[in-house]
Amino acid sequence: MCPRNSPGRTYRRREEPLRLASHIDEESGQAYTPRMDHEILPEIRSRRSRRTYLPEPIPEAAVERILDAGCSAPSGANQQPWHMIVVDAPETKRGIRVACERADVTFHENAPAEVRRWMTEHSITTDKPFLTDAPVLIAVFYDPKAPYALHSVWIAVGFMLLQATREGLGSLPYTPSGASVKALLDVPDRLQLAAILPIGFSRDTTRQSRKPPPETQSWNRYGVSHKPVT
């Protein structure tokens, strides 16, 4: 499910040009104007996974922009192997939650001791209230036979998470532990579930720390930090 631009509807915000002037906009035919502030997108800095949501509805246009962001992602051989299903029916969300929690119980029971200990330390339980609390779920499926399918679909998920942040909404890339939700959504057997994204206004304002660059980045060789020439 990938919305396309239609008359009277705008998906891209052009007041802050973000792209290189060497590229041409497919819609307008105009060259992109570069930003010179040397900053990454604020949505990248501010995005956090949220697990608690307010019950208030969210604009349908915002959901469509999130879908459009995902469908604009690059993919292996441009196969665009994804299919996103928006779920806002309460009974369907309940069915998804039951299926996911049931699968998580099995996963927790069979996980190695060190994994169970880690989940306990991080308060990860089999309860998934965000699957019914969030006003909208986006179930992201993909065709595993497409080239680089899993790599491609997760780029699309990343794009959707950033657009949700842009919209002022919370989300979470939830990966069910083997839950089967295809029958609930009439999904053909050839597709596989990559993730479920709850979407909504969040009551969670916690912030998570990030590792310092020397632990996650190297230049030319592993463990070599980039230092400017003096």
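Just so it is clear, the structure is predicted and the values come from calculations on it, not from any experiment. (Residues numbered from 1 in each chain as written. Predicted model: local features only at pLDDT ≥ 70, side-chain atom pairs only at ≥ 80, totals over all residues. Heavy atoms only, no water.)

## Digging into the sheet that holds strand E2 (residues 136–142)
Within a beta sheet, neighbouring strands are joined by backbone hydrogen bonds and run either parallel or antiparallel to one another. As summarised here, the arrangement of the three strands in space is E1-E2-E3, forming an open sheet in which the pairing is antiparallel. Each edge of the open sheet carries a strand with a single partner, namely strand E1 (82–87) and strand E3 (192–199). For this sheet the average axis-to-axis angle between neighbouring strands, irrespective of direction, equals 20°. In this structure, E1 lies alongside E2, joined through six bridges in antiparallel fashion. Paired with Trp82 across the two strands is Tyr142, which belongs to E2. Most of the contacts of helix H2 (residues 60–71) go to E1, to which it runs at about 165°, and overall it touches E1, E2 and E3. Sitting on the sheet, helix H6 (residues 149–166) is in contact with E1, E2 and E3, with an inclination near 160° to E2. (Pairing = 2+ DSSP bridges. Helix = DSSP H or I, 4+ residues; strand = E, 2+ residues; numbered from the N terminus. Axes fitted to C-alpha atoms, helices over the stretch in contact; angles between N-to-C directions. Contact = heavy atoms within 4.5 Å.)

## Brief notes about the pattern of salt bridges
Scanning the model with the defined rule gives four salt bridges in all. Salt-bridge contacts for Glu101 lead to Arg97; the nearest nitrogen and oxygen are separated by 2.8 Å. Of the two residues, Glu101 and Arg97 are both situated in helix H3 (residues 90–110); the distance of four residues between them amounts to about one turn of the helix. Residue Glu101 is classed as buried on the basis of its relative accessible area, which comes to 18%. (Salt bridge = Lys/Arg side-chain N within 4 Å of Asp/Glu carboxyl O. Buried < 20%, exposed > 50% of the residue type's maximum accessible area, 1.4 Å probe, protein only.)

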